[in-house]
Every structure is written in structure tokens, then in C-alpha cells.
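# Descriptive structure summary
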Amino acid sequence: MKKTQKLSLGLLLMTITIALFGFQKKDVPENVLSTFKKMFPTANKIDWSKESETEWEAEFQMNSLEYSANFLE
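Presented here is a report on the structure given in the accompanying data block. Counting starts from 1 at the beginning of each chain's written sequence and moves along it residue by residue. In keeping with the predicted nature of the model, local features appear solely for residues at pLDDT of at least 70, side-chain atom pairs appear and are counted solely at 80 or more, and the whole-chain, interface and lining totals rest on all residues. Heavy atoms throughout the structure, all of them, feed into the side-chain values; hydrogens and water do not.

## Details of the packing of aromatic side chains
Here a ring pair, both rings aromatic, is described through the centre-centre distance and the interplanar angle of the planes. Ring pairs shown here join Phe, Tyr and Trp side chains whose ring centres sit within 6.5 Å, with only the six-membered ring taken for Trp; geometry is labelled stacked below 30 degrees between planes, edge-to-face above 60, and tilted in between. Using the criterion set out here, one finds seven aromatic pairs in the structure. Both rings, one in F36 and one in W48, keep their centres 5.3 Å apart while their planes meet at 70 degrees; by these two values the pair is edge-to-face. One end of the pair, F36, is in helix α2 (residues 30-39); the other, W48, is in strand β1 (residues 44-50), and twelve residues separate them in sequence. Working definition: with a 1.4 Å probe on protein chains only, accessible area under 20% of the residue-type maximum means buried, over 50% means exposed, and in between means partly exposed. Taking relative accessible area as the criterion, F36 reaches 3% and is therefore assigned buried. Secondary structure follows DSSP: runs of H or I at least 4 residues long count as helices, runs of E at least 2 residues long count as strands, and numbering of each begins at the N terminus.

Written out as C-alpha cells, the structure reads:
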């Protein structure tokens with residue numbers, strides 16, 4: 001019984017993880033990318049996520065600190 005519960009929990013967690021990553025659209029519009037690059041030219045380790053239908057968030061590092069910035073399309 002415990003083995004079945006662990007397997008079920010593992011499958012549920014895997015499904016949730018896949019769903020969450022599947023909904024993070026990575027097709028950042030060019031105007032958002034160019035504005036980001038102008039504002040933060042030395043940023044690295046940039047991770048984009050779509051916050052809403054028209055808003056994008058960039059999480060990144062700059063000068064060994066972590067930042068985030070939001071952009072509207």
C-alpha cells in the first residue's frame with residue numbers, strides 16, 4: 001500500500017512540474033528583449049517568465065546580486 005501511495009505521489013508531483021514548466025512561455029518579444037538589454041547590459045543568468053497576457057518578468061544576476069524586472073509588451 002505504501003509503495004502505491006509513494007508512486008502516486010511521485011507521478012502527481014511530476015505532472016505538476018511538467019505543467020508548470022509547460023506554461024512558462026519563453027518566446028519573449030523582441031521589443032522586450034531589446035529594452036532589457038539597453039537597461040541591463042551586464043546582466044547574466046537571465047530567466048524569463050510570462051506573468052500575464054502582456055507582462056514579462058526577467059530574473060537575472062548583475063554584479064553578483066540577484067534582480068528581477070517586469071516589462072509590458
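## Here we look at the nonpolar core
In these notes, a set of buried Ala, Val, Leu, Ile, Met, Phe, Trp, Tyr and Cys residues joined through side-chain atoms within 4.5 Å is what counts as a nonpolar core. V28, V32, F36, F40, A43, W48, W56, A58, F60, M62, A69 and F71 together form the largest nonpolar core, which totals twelve residues. Looking at this core, the elements with two or more residues in it are α2, β2 (55-62) and β3 (65-72). With four residues, β2 is the largest single contributor of residues to this core. Only heavy atoms matter for contacts: two residues are in contact if any of them lie within 4.5 Å across the pair. In contact with M62, other than residues within four places in its own chain, are F40, T42, A43 and Y67.

## Points about the pairing of β3
When DSSP finds at least two bridges between two strands, those strands are taken to pair. Pairing geometry for β2 and β3, over eight bridges, is antiparallel. Bridging across to β3, W56 finds its partner in F71. Connecting the antiparallel pair β2 and β3 is a turn made up of two residues, with N63 showing a positive phi of about 55 degrees.

## Describing unusual backbone geometry
The phi dihedral of K45 is positive, around 50 degrees, even though this residue is not glycine. Mapped onto the fold, K45 is located in strand β1. In this structure, S64 is a non-glycine residue whose phi angle is positive, near 65 degrees.

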